[in-house]
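An overview of the molecular structure
Here is how the chains run, residue by residue.
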Amino acid sequence: MVVFHTDLDNTIIYSYKHEIGPVKRSVEMYQGREISFITGDTYQLLQQVREKMLVVPTSTRSIEQYRRIDLGVGAFPYALVCNGGILLADGKRDDSWYQSSLALIGRSEGELEKAIHILEKDARRKFELRFIERLFVFTKCSQPKQTVDDLREVLDTGLVDVFHNGEKVYVVPRDLNKGKAVQRFREYIHADVVIAAGDSEFDIPMLRDADVGLAPHGFVEAYGVDFAVRQMDGRKVFAESLLEECLSLFS
């Protein structure tokens, strides 16, 4: 069995803020607004890829955020959300997987609580503080890079990773990453080959632990990646390039 783990945001789908061409399909509604889209070619290619391999959306999104997405190609039998901490099987949470995730991050609990205590008092925070499914900490800050740098000074970065993506700030247990999720799912489904695609720092472990990692043009240089990864042609929308690459691997 071939399994294809794909990140969603800026990998398969794009927010309304991104220019992806005139032919696109709405795939996410929020508060009555269309907020995410895929290109027409992505829609066609994704259907072809689904015929060749098991597609597993693998995202940092929460369950609620993931369920807002409808790519129009039918429901996926599996999805990994909350940075791989939760497995959805036929849309339902696998409790055994979740309990195993909580056990995995046990050694990081103290640092997560410390991060919450610090961020509760941080004047740069501009959004509610969320402890997502008791797995990781999320908020938004007016000075995200400085906030992340300050957190790294006081938290044990051997136990937690601290990231920012734009104004979003995350504190995530080191044992809760997409690479670990790929390893666990490989055993769960008895995968023969694993392909992974992603565009951000969150995706680095997943790309590293897959048999084939697909990343956008410039990814290796941007993140100092020191392992083999296939970078796509920057002249095309990343979603289209990576799906074409998936098909070429098994043509």
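Given the structure is predicted, the values throughout are model-derived calculations rather than measurements.

Re the nonpolar core
- Phe4, Leu71, Leu135, Phe136 and Leu242 are the most contacted members of the largest nonpolar core, which has 51 residues in total.
- At six residues, the largest contribution of residues to this core is made by helix α9 (residues 238-249).
- Sequence-distant contacts of phenylalanine 136, defined by excluding residues within four places in its chain, comprise Thr60, Cys82, Leu112, Arg130, Phe131, Tyr170, Val171, Val172, Pro173 and Leu176.
- Listed in part, the 23 residues of the second largest apolar core include Leu80, Val194, Leu207 and Val225.

Regarding the sheet that holds strand β2 (residues 14-15)
- Here we have three strands laid out as an open sheet, ordered β2-β4-β3, and antiparallel in their pairing. Edge positions in the sheet fall to β2 and β3 (24-30), since each has one partner strand and no second.
- Here β3 runs beside strand β4 (residues 33-39); their pairing, made up of six bridges, is antiparallel. Each residue of the ladder has a partner; that of glutamate 28, found in β4, is serine 36.
- Along the sheet face, helix α1 (residues 40-52) touches β3 and β4 and points at about 65 degrees away from the line of β4.

Quick notes on the side chain of aspartate 7
- Turning to its location among the elements, aspartate 7 is positioned in the loop between β1 (2-6) and β2.
- Judged by its relative accessible area of 6%, aspartate 7 is buried.
- Engagement of the side chain of aspartate 7 in a polar contact is seen with the side chain of lysine 178, the distance being 3.1 Å.
- When sequence neighbours within four positions are dropped, the list of residues in contact with aspartate 7 reads Ile12, Thr58, Ser59, Lys178, Ala197, Gly198, Asp199, Asp203 and Met206.

Some details on the pattern of salt bridges
- Throughout the structure, instances matching the rule amount to 18 salt bridges.
- Glutamate 28 is paired through a salt bridge with arginine 68; the nearest N and O atoms lie 2.9 Å apart. Of this pair, glutamate 28 sits in strand β3 while arginine 68 is found in the loop between α2 (63-67) and β6 (78-81), placing the two residues 40 residues apart along the sequence.
- Since its relative accessible area comes to 0%, glutamate 28 is described here as buried.
- Judged by relative accessible area, arginine 68 falls into the partly exposed class, the value being 25%.
- The closest approach of N and O atoms between glutamate 128 and arginine 130, which form a salt bridge, is 2.8 Å.
- Residue glutamate 128 is classed as partly exposed on the basis of its relative accessible area, which comes to 44%.

Rules and cut-offs
- Residues numbered from 1 in each chain as written.
- Predicted model: local features only at pLDDT ≥ 70, side-chain atom pairs only at ≥ 80, totals over all residues.
- Heavy atoms only, no water.
- Core = buried A, V, L, I, M, F, W, Y, C linked by side-chain atoms within 4.5 Å.
- Buried < 20%, exposed > 50% of the residue type's maximum accessible area, 1.4 Å probe, protein only.
- Helix = DSSP H or I, 4+ residues; strand = E, 2+ residues; numbered from the N terminus.
- Contact = heavy atoms within 4.5 Å.
- Pairing = 2+ DSSP bridges.
- Axes fitted to C-alpha atoms, helices over the stretch in contact; angles between N-to-C directions.
- Polar contact = N/O pair within 3.5 Å; in protein donor to acceptor, adjacent residues only side chain to side chain.
- Salt bridge = Lys/Arg side-chain N within 4 Å of Asp/Glu carboxyl O.

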